[in-house]
Amino acid sequence: MPRNCYKLTMITDPVSPDASTAVAIMKEGWNLSTAWDFDAANGITGTFWDKRCEAAHHLPCNLSDTHLILSLNASDIAHADVSLEGRRQYSGEMKRGSWMLVSSGSTPDAVTKGAFSLLHVYIPINLLRDACDAYDLGGIIPEKATYMHGTNSGHPVAKHAADLIAAHAGNDRLRGLRIDTSCQGMVMEILRAFDARTDQRHRQSLTPWQHARLEAYLQEEFFNDIDLAQLAEVAGLSKYHFLRVFKSSFQRTPMAEVTERRLSHAADQLRENSPSITQIALKCGFSDHSHFSAIFKRRFGVTPSRYRQMSR
């Protein structure tokens, strides 16, 4: 299957078995009327709140740290107090078209006064991480609480949310496709927004001790099975942050670095003309002779046997 087709399939499959329960959990916590719900093919879900009473209402978040929540105000809100992790982030009137993106793990909490109409979109964080992995984006998901907001729906992230409202209102045969398309575009724009917000502090390299520790580990273990999680643990970093800073320090991905070390060691062995090529392949961590030969030829331009002949 072509590479891009594989990636598209990967991020349009539901990524979490409990993704569809986010709407139910939020409905139970808010105890408000809703006009409609949606469930996109890639695992994004949402609901359209329709608060008609003027009384103040407490709006907690009962979700765990599994989602980003995108809110788009479809009407004015007379007054809202919004807090994240117990700290006030906003207090005042909210205009139609204003929007907010928060992490469910930051325990968002709000108290509103007046009626309002509001679209909520629940984006599984694992969906974003899978997209980063599939498209080699280097892990740009923020590790701390996310808070982004705007005053109109012109921002690309908010525009896709507005498109969801329009898609549902259209009530035509293509409504489901339009909803899925908007949700897929939302993934791209959220990741784009995160990448744009990544400042120099987040693009830092490995510290000297982390680099030295990884260097020693790779030198000793390159021929064994190594995965990204193991290397991140050696550096004492989360997997997604580690991938970014490793590339900054080593100028290649962790797995590419492992492969390069295996090939370099194999080339040394071939020049010494000691074991057989199959023995060298297995000793250097390759699964078999043919796999080793294919990768070696891509790297050095000749097969291992030809390289050995040329090195004599």
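Nothing here was measured: the structure is a model prediction, and the numbers come from that model.

**Details of the overall build of the protein**
Here comes step 1: Within the protein one finds 12 helices and 10 strands.
Here comes step 2: The buried share among the 312 residues of the protein stands at 45%.
Here comes step 3: When contacts within the protein are restricted to residue pairs at least 6 apart in sequence, those whose partners lie at least 24 apart make up 71%.

**Some thoughts on helix 12 (residues 304-311)**
Here comes step 1: Listed in full, the buried residues belonging to helix 12 are Pro304, Tyr307 and Arg308. An end-on view of helix 12 places all buried positions within 100° of arc, on one side of the element.
Here comes step 2: Contacts from the buried residues of helix 12 go to helix 9 (254-272), helix 10 (277-283) and helix 11 (289-300).

**Quick word on empty space enclosed by the protein**
Here comes step 1: Scanning the model with the defined rule gives one cavity of 30 Å³ or more in all.
Here comes step 2: Estimates place the volume of the largest cavity at around 280 Å³.
Here comes step 3: Along its surface, the largest cavity is lined by 24 residues, and Trp30, Ser71, Met100, Ala110 and His120 are the ones closest to its centre.
Here comes step 4: Broken down by secondary-structure element, the contributors of at least two residues to the lining of the largest cavity are helix 2 (21-30), strand 3 (57-60), strand 4 (67-73), strand 5 (77-84), strand 7 (99-103), strand 8 (109-113) and strand 9 (116-124).
Here comes step 5: In terms of residue count, strand 4 provides more of the lining of the largest cavity than any other element does, four residues in total.

**Focus: the pairing of strand 6 (residues 87-94)**
Here comes step 1: Pairing between strand 5 and strand 6: six bridges, direction antiparallel. Note on strand 6: the bridge partner recorded for Asp81 is Ser91.

**A closer look at the side chain of Lys51**
Here comes step 1: Checked against the element boundaries, Lys51 lands in strand 2 (residues 45-51).
Here comes step 2: Comment: no salt bridge for buried Lys51; closest opposite-charge side chain is Glu54, at 6.5 Å.
Here comes step 3: Engagement of the side chain of Lys51 in a polar contact is seen with the backbone oxygen of Cys53, the distance being 2.8 Å.
Here comes step 4: If sequence neighbours within four positions are ignored, Lys51 has contacts with Leu32, His57, Thr112, Gly114, Ala115 and Phe116.

**Structural notes on the packing of aromatic side chains**
The geometry of two aromatic rings is summed up by the distance between their centres and the angle between their planes.
Here comes step 1: Evaluation of the coordinates by the stated rule reveals 10 aromatic pairs.
Here comes step 2: Arranged with centres 5.4 Å apart and planes meeting at 55°, the rings of Phe242 and Phe246 form a pair that is tilted. You can see Phe242 and its partner Phe246 sitting in helix 8 (residues 239-250), four residues apart, about one turn around the helix. Per residue, the accessibility class of Phe242 equals that of Phe246, and both read buried.
Here comes step 3: Among the aromatic residues, those joined into a ring-pair cluster are Phe286, Phe292, Phe296, Phe300 and Tyr307.

**Remarks on the sheet that holds strand 3**
Across a sheet, strands are paired by hydrogen bonds formed along the backbone, either parallel or antiparallel in direction.
Here comes step 1: As summarised here, the arrangement of the four strands in space is 3-8-5-6, forming an open sheet in which the pairing is antiparallel. The outermost strands of the open sheet, each flanked by one partner alone, are strand 3 and strand 6. When strand polarity is set aside, the average angle formed by the axes of neighbouring strands in this sheet is 15°.
Here comes step 2: Where strand 5 meets strand 8, five bridges bridge the pair, whose relative direction is antiparallel.

**Overview of helix 8**
Here comes step 1: Its 12 residues place the ends of helix 8 16 Å apart at the C-alpha level, agreeing with the 16 Å of an ideal helix rising 1.5 Å per residue.
Here comes step 2: Along helix 8, the positions that sit buried rather than exposed are Tyr240, His241, Phe242, Leu243, Arg244, Val245, Phe246 and Phe250.
Here comes step 3: Buried-residue contacts for helix 8 involve helix 3 (125-134), helix 6 (208-221), helix 7 (228-235) and helix 9.

What counts as what
- Residues numbered from 1 in each chain as written.
- Predicted model: local features only at pLDDT ≥ 70, side-chain atom pairs only at ≥ 80, totals over all residues.
- Heavy atoms only, no water.
- Helix = DSSP H or I, 4+ residues; strand = E, 2+ residues; numbered from the N terminus.
- Buried < 20%, exposed > 50% of the residue type's maximum accessible area, 1.4 Å probe, protein only.
- Contact = heavy atoms within 4.5 Å.
- Arc of directions from axis to C-beta.
- 1 Å grid on protein atoms, 1.4 Å probe; cavity = no way out; pocket = protein on both sides within 12 Å on 5 of 7 lines; lining within 4 Å.
- Points joined across faces, edges and corners; volume = space filled by probe spheres on them.
- Pairing = 2+ DSSP bridges.
- Lys, Arg positive; Asp, Glu negative; His and termini not counted.
- Salt bridge = Lys/Arg side-chain N within 4 Å of Asp/Glu carboxyl O.
- Polar contact = N/O pair within 3.5 Å; in protein donor to acceptor, adjacent residues only side chain to side chain.
- Phe/Tyr/Trp six-rings, centres within 6.5 Å; stacked < 30°, edge-to-face > 60°.
- Axes fitted to C-alpha atoms, helices over the stretch in contact; angles between N-to-C directions.
- Expected span 1.5 Å × (residues − 1).

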